[in-house]
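A closer look at the structure
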Amino acid sequence: MGPILEIKGVSKSFEGVLALNNLDVEVSEGEIRAIIGPNGSGKTTLINVITGVFPATSGRIIFKGQDITGLSPFRIARKGITRTFQNLRLFPSLTVLEHVLAAQHHRSRVGFWGSVFSTRSGRAEEEGMVSRAQEILEFVGLKGRADMPGLGLPYGQRRLLEIARALATGPELLLLDEPAAGLSSEEIQALERLLREIRSRGITVILVEHRMMLVMNVADRITVLNYGEKIAEGKPAEIKNNPEVIQAYLGRAYAAAGS
Amino acid sequence: MALSVLVQQLISGLAMGCIYSLVALGYTFIWNAVGIVNLAQGDFVTVAAFLYAATFSNHLKWGFVPALIAVMAVMALFGMGTERVVYHPLQGAHPRTVMLSTLALGILLSNMDIILWGPYPVTTRGPFGQDIIRFGDVSIMQHHVFIIVVTLVLLFLQHLFFQKTTIGKVMRAVAQDREAATLMGIETGQTIAVTFAYSSALAGIAGVLLAPAFMVSVDLGSVGLKGFASCVIGGFGHITGATFGGILLGIAEVFVSSFLSSRYRDAIVFVILVAFLLLRPQGVLGRKVGESL
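Described below are features of the structure shown in this document. Just so it is clear, the structure is predicted and the values come from calculations on it, not from any experiment. (Residues numbered from 1 in each chain as written. Chains lettered and ligands numbered in written order. Predicted model: local features only at pLDDT ≥ 70, side-chain atom pairs only at ≥ 80, totals over all residues. Heavy atoms only, no water.)

Topic: a nonpolar patch on the surface
Residues and elements named next belong to chain B. Note the following rule: Each patch is built from residues that are more than 30% exposed by relative accessible area and take part in no salt bridge. Like charges join if they lie within 9 Å; nonpolar side chains (Val, Leu, Ile, Met, Phe, Trp, Tyr) join within 5 Å. Using the Shrake-Rupley algorithm and a 1.4 Å probe, accessible areas are obtained, with residue cover drawn only from the displayed protein chains. Salt bridges are counted wherever a side-chain nitrogen of Lys or Arg sits within 4 Å of a carboxyl oxygen of Asp or Glu. Think of it this way: any DSSP run of H or I at least four residues long counts as a helix, any run of E at least two long counts as a strand, and we number them from the N terminus.
Among the surface-exposed residues, Leu-3, Leu-6, Val-7, Phe-259, Leu-260 and Tyr-264 lie close enough to one another that they form a single nonpolar patch of about 620 Å² accessible area. Sorting elements by how many residues they give to the nonpolar patch places helix α1 (residues 3–34) first, with 3 residues. In this structure, Leu-3 sits in helix α1.

So, the sheet that holds strand β5 (residues 66–67) of chain A
All names here are of chain A. Using the following cut-off: Between any two strands, pairing holds if DSSP finds at least two bridges. Two residues qualify as a contact provided that any one of their heavy atoms is within 4.5 Å of a heavy atom in the partner residue. Axis lines are fitted through C-alpha atoms, for helices just across the contact stretch, and the angle between N-to-C directions can take any value from 0 to 180 degrees.
What the 4 strands build is an open sheet, ordered β2-β1-β4-β5; its pairing is antiparallel. Lying at the two open borders of the sheet, with one neighbouring strand each, are β2 (17–28) and β5. As judged from the 2 bridges shared by strand β4 (residues 58–63) and β5, these two strands associate in the antiparallel manner. Following the sheet pairing, Ile-62 is matched in β5 by Asp-67. Sitting on the sheet, helix α1 (residues 43–50) is in contact with β1 (3–14), β2 and β4, with an inclination near 115 degrees to β1.

Let's talk about the pattern of salt bridges
All names here are of chain A. Basically, it comes down to this: Exposure categories follow from relative accessible area, calculated using a 1.4 Å probe and restricted to protein chains: below 20% of the type maximum is buried, above 50% is exposed, and the middle band is partly exposed.
Going through the model one piece at a time under the given rule, you end up with 17 salt bridges over all chains. One salt bridge in this structure joins Glu-31 and Arg-33, with 3.0 Å as the shortest N-O distance. For the pair formed by Glu-31 and Arg-33, the shared burial category is buried. A network of salt bridges, in which partner residues are shared, links Glu-31, Arg-33, Lys-230 and Glu-233.

Quick word on the pairing of β1(A)
Residue and element names in this part refer to chain A. Relative to β2, β1 runs antiparallel, the two sharing 8 bridges. For Glu-6, the partnering residue across the bridge sits in β2 and is Glu-26. The antiparallel hairpin formed by β1 and β2 contains 2 residues in its connecting segment, where Glu-15 sits at a positive phi of about 45 degrees. Here β1 pairs with β4 via 5 bridges, running antiparallel. Across the sheet, Glu-6 pairs through a bridge with Ile-62, a residue of β4.

Quick look at the interface of chain B and chain A
Basically, it comes down to this: Buried area, as used here, totals the accessible surface that two parts lose on assembly, with accessibility defined by a 1.4 Å probe and the loss added over both. Two N or O atoms count as a polar contact when they lie within 3.5 Å, although within protein this holds only if one can serve as hydrogen donor and the other as acceptor, and sequence-adjacent residues are included solely when both atoms are side-chain atoms. For this classification, the nonpolar set comprises Ala, Val, Leu, Ile, Met, Phe, Trp, Tyr, Cys and Pro, the charged set comprises Asp, Glu, Lys and Arg, and every other residue, Gly included, is treated as polar.
Counting residues at the interface gives 21 residues for chain B, matched by 27 residues for chain A. In total, chain B and chain A occlude about 2,300 Å² of area from one another, counting both sides; carbon and sulfur atoms represent 64% of this. Sorting the residues of chain B by area buried against chain A places B:Thr166, B:Leu183 and B:Met184 first, and these three jointly supply 30% of that buried surface. For the pair chain B and chain A, the number of links is 3 salt bridges. A:Arg89 serves as the salt-bridge partner of B:Asp177, at 2.6 Å between the closest nitrogen and oxygen. Where chain B packs against chain A, one counts 6 residue pairs in polar contact (both at pLDDT 80 or more). Taken together, the elements giving at least two residues each to the side of chain B that touches chain A come down to α5 (142–164), α6 (166–176) and α7 (178–183) of chain B. Of the residues that constitute the side of chain B that touches chain A, the class distribution is 10 nonpolar, 6 polar and 5 charged.

So, α1(A)
Residues and elements named next belong to chain A. When you tally the buried positions in α1, you get 7 out of 8 residues, the bulk of the element. Along α1, the positions that sit buried rather than exposed are Lys-43, Thr-45, Leu-46, Ile-47, Asn-48, Val-49 and Ile-50. Count one or two residues on from α1 and you reach Gly-52, which has phi positive near 85 degrees.

Set out below in structure tokens:
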């Protein structure tokens, strides 16, 4: 399948410090693409640039053949790109269900007044939204938690709620920023299954992750960043044995000793 | 002090407190949505009071309910205009800059009041005039009861709006994490415009309720300060806190002026404000935050 996302010559500098340096990445439709690299290699910056949080200093970002460079974050989200956050950003006073409903809102056809005065069509639409929200919660494994406050969930389930909230926007491309951070090994296995199910629903996934076991198990292809540049790209097996990657992660001495 | 007097004082304090709560809620919603204290909030109340008293009630002779609705509508539009002109162009500027811009708007408005409606105080008759209800030896201004009832109804509707409607949930999400909300496809610009409209409409209600009880002049803008103090007392950015702070302040004011002297009526507000800022800056219900402007 063709590329869903093309990152063409993207650079991002923060007051002269180059966080991304002339980066070219193509993500195919329907794949799980892992992006790995040592701390500070520019992974999260890349997510922020794709989703429009920061504008790229130079370069283009093409989504489904359409240039989305410089669009505001909510427009990019409405085009079908959403994300989760490395350090969870849930809405403190919203329940689990309300998180999903708020994220679904822009897909609803009920306008402001329809929502306030609950017109008949508005009410039917809102009921549909609630049942869709419940489906999403069940899909990620949060069934039965709908009415809990989001922050009342245990840590691992908060991560699932972030994924549910992102799915609620109806994305074609889902960006996950370290979804396995802080999870137990059982929770990571469940996450692995969830990622595969998300892919089987036709959603392309970009996975920024440190847990190598998860990455190697689930990714179709891996892109390796170091100091904001792409140093390798390929299937998990190829990346595992790439000396440049080993060196970036473990240092020159280790690479030399290994060869 | 006789019990009857105590009850009378309490009701009149509650009524004033309700007005302060409405003003305080106006501050709170804008603060929660964009992190700005709208320093023109008190002047919004004055504009609304003039609009109601001088224009709709005295000049056009409209009834209370249509006049109230008209003032709220005008104020809501005015709030959206304020968002466009005063806030929007300064997005991304330091909050202090935006607050100065709202301060300027306040000064502009209080002078515009004089140009439009003249320098003399305006009086108007509310739906109940000076009518009094008597229970035994307790006599209560009907208008005070009316203020309390209107405020309670409004608070109830507001609660329904934020808890039950999807747009209310979306607005809460935006207030809590604007960036995360925008990345979920929520158009925060729209919800911010709605927030400004609603905050101004609240000032509109406060102005309309105040007008029959007082002489309407630019001095009415001082309720802005009382509303601000209410927010500090309750915990800035806290909806229940703002309501509670307003009512506490209204009652404190009335009792101080009857136990000490009415000359201390305004002074007590500052005493309470300073005391809270010194001893409990997070307010009664607020939580401590490490960040300052």
